[in-house]
Amino acid sequence: MAYLKKSDLQKKYEELSSLYQEGITNALEKSRAKLQQKYYKGTLKACLNGFAYLRKLEFIHLAIATVTNNALSTVKSAPTELSKVKELLKQQLIKIQAYNANNLTKVAEHLAQSLAIKVGSLKKPIQLLNFTYRNSGINSQFSSRFHQVLKSALQAKNIELAEVSNAILYDAFQRNTYQLKGCYWEQRESNQIRLVILLEEGSTGKLITSLDLYLNRSVLQKQKIRFVPANYRKALTQIKVFNQNQSPTRGGLELDVWTNKGKQNPIFIKGEEVKFYVKANKPCYLRFIYHLADGTTVLLLDNYYIGVNKINKVYEIPQVFECAAPFGLEILHLNAQARQFRGISIQKTEGYKVITGNIAEFLKSSRTSSSKNARAETKVLITTLDN
């Protein structure tokens, strides 16, 4: 195992930062030259290359901040540099193809057109994921609505899309698709929504291309589309509770869980069926905990056994749920260990096995076991909506 000094790591990051800044500069110059030549496709391709470098530059600046304990003394102009190149790329994109930021459909059509030109004929279909608020993993009504509009725009450009039709084969499905995903923030100074779009290789996460688009907030306000997730602050607190004191995987136990709509930021609408699927690489006992949007924590299944005959196979959990109120962020938390779990205090309420007491203390006790006891845990963030 090799180790790097913090100073060496910082130097490496700074070298990459310079490289990515140069990539953005070159991409802008090429895009401007192509625009003068009125070569539209080449202009857009070069501009999108600039956005891809911007994503990498943002990551590197975050890495430098971490290495230097958030003291950006070595890159004092980092925030200014990022803001400047974002604005330059934004203005260049507007020159290439002016799109109507007051129309949700036009923004989606512009994105579809850009992807069609940039990626050309893809070798694999695209899995369209829900865009999350502030990269939090939490969705909103806007996430669902934009997904619908963008799906139609991509299909109109004959871009092949893939949806989870057989959840049992979800692993293979992910490996054989590209993933189109993103996040969005409100830009208070301009009263706009900034959308950051990423197209990645499904099997490796390698960035294929990236793009920033903007939508006027007034569009959503007029249509009464909520772009901030319901109970957002409360949802962040819930995620923090589940992330605290998370113990590392022990004994080589590997665990995965997903829904009939996949694993990455699924959205379920009132009345839809919710199914869960699990896979483990060793015999183990499973404990399924479901945290509802109103703060109630429910024991779905306890000491569900994965025997030798079930390892490395996908199994559908023998319970099907219907999406219903309360709506908002919900968390499926799955614990696995080689030994049976101890009993817990529950209270039956309206057919649910509700876990009593403090959820943080319960999670801590579930994670406390002998070092000889192989264990693992994972979770899925699920957004439920009324419509």
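Data block above holds the structure.
All values reported here derive from a predicted model rather than from experimental measurement.

(A) Molecular detail of the sheet that holds strand 6 (residues 255–259). Taken in spatial order, the three strands line up as 6-9-12 in an open sheet, and their pairing is antiparallel. At either end of the open sheet lies a strand with only one pairing partner, and these are strand 6 and strand 12 (315–316). For strand 6 and strand 9 (residues 276–280), the ladder comprises five bridges, and the chain directions are antiparallel. Paired with leucine 255 across the bridge in strand 9 is alanine 280.

(B) Quick look at the packing of aromatic side chains. Within this structure, the stated rule accounts for nine aromatic pairs. Judged by centre distance (5.5 Å) and plane angle (55°), the ring pair of tyrosine 133 and tyrosine 184 falls under tilted. Within this pair, whereas tyrosine 133 is found in strand 2 (residues 132–133), its partner tyrosine 184 is found in strand 3 (residues 178–187), the two being separated by 51 residues in sequence. Its relative accessible area of 2% is what places tyrosine 133 among the buried residues. Relative to tyrosine 184, the ring of phenylalanine 142 has its centre 4.9 Å away and its plane inclined at 75°; by these criteria the two rings are edge-to-face.

(C) Spatial organisation of the environment of leucine 180. For leucine 180, the location among the structural elements is in strand 3. What makes leucine 180 buried here is its relative accessible area of 0%. Spatially, the C-alpha atom of leucine 180 lies 9.9 Å from that of leucine 161, the residues being 19 residues apart in sequence. Each residue touching leucine 180, except ones within four places of it in the same chain, is listed here: Leu115, Ile126, Gln127, Leu128, Leu129, Leu150, Leu154, Ile197, Leu198 and Leu199.

(D) Expanded view of the pairing of strand 9. Burial within strand 9 is extensive, with four of its five residues counted as buried. As paired strands, strand 9 and strand 12 are joined by two bridges and run antiparallel to one another. Each residue of the ladder has a partner; that of tyrosine 277, found in strand 12, is glutamate 316.

(E) Structural context of the pattern of salt bridges. Within this structure, the stated rule accounts for 16 salt bridges. The salt bridge partner of lysine 106 is glutamate 109, with a shortest N-O separation of 3.7 Å. With a gap of three residues between them, lysine 106 and glutamate 109 both fall in helix 4 (residues 104–119), about one helical turn apart. Residue class for glutamate 109 comes out partly exposed when judged on its relative accessible area of 36%. Of the charged contacts in the structure, one is a salt bridge between arginine 375 and glutamate 377, with a shortest N-O distance of 3.5 Å. On the accessibility criterion, arginine 375 (0% relative accessible area) is buried. Residue glutamate 377 is classed as buried on the basis of its relative accessible area of 11%. Here the residues in one salt-bridge network are Arg55, Glu58, Lys86, Arg194 and Asp212, joined through shared partners.

(F) Summary view of empty space enclosed by the protein. Under the definition given, this model contains three cavities of 30 Å³ or more. Quantified by volume, the largest cavity comes out at close to 40 Å³. If you go around the largest cavity, the residues you meet are Ala230, Asn231, Lys234, Ala235, Gln238, Ala293, Phe327, Gly328 and Leu329. Taken together, the elements giving at least two residues each to the lining of the largest cavity come down to helix 8 (232–243) and strand 14 (328–337). Top contributing element to the lining of the largest cavity by residue count: helix 8, with three residues.

(G) Looking closely at the packing of helix 4 against helix 5 (residues 141–156). At a minimum axis separation of 8 Å, helix 4 and helix 5 run at an interaxial angle of 50°. As summarised for this structure, helix 4 and helix 5 are arranged oblique, according to the angle between their axes. Considering only the axes of helix 4 and helix 5, their crossing is right-handed. In this structure, helix 4 contributes Leu104, Thr105, Val107, Ala108, Glu109, Leu111, Ala112 and Leu115 to the contact, and helix 5 contributes Phe142, Arg145, Phe146, Val149, Leu150, Ala153 and Leu154. For the contact of helix 4 with helix 5, the class distribution of residues is twelve nonpolar, one polar and two charged.

Cut-offs applied
- Residues numbered from 1 in each chain as written.
- Predicted model: local features only at pLDDT ≥ 70, side-chain atom pairs only at ≥ 80, totals over all residues.
- Heavy atoms only, no water.
- Pairing = 2+ DSSP bridges.
- Helix = DSSP H or I, 4+ residues; strand = E, 2+ residues; numbered from the N terminus.
- Phe/Tyr/Trp six-rings, centres within 6.5 Å; stacked < 30°, edge-to-face > 60°.
- Buried < 20%, exposed > 50% of the residue type's maximum accessible area, 1.4 Å probe, protein only.
- Contact = heavy atoms within 4.5 Å.
- Salt bridge = Lys/Arg side-chain N within 4 Å of Asp/Glu carboxyl O.
- 1 Å grid on protein atoms, 1.4 Å probe; cavity = no way out; pocket = protein on both sides within 12 Å on 5 of 7 lines; lining within 4 Å.
- Points joined across faces, edges and corners; volume = space filled by probe spheres on them.
- Axes fitted to C-alpha atoms, helices over the stretch in contact; angles between N-to-C directions.
- Parallel < 35°, antiparallel > 145°, perpendicular 65-115°, else oblique.
- Left-handed = near helix turned anticlockwise from the far one by under 90°.
- Nonpolar A, V, L, I, M, F, W, Y, C, P; charged D, E, K, R; others polar.

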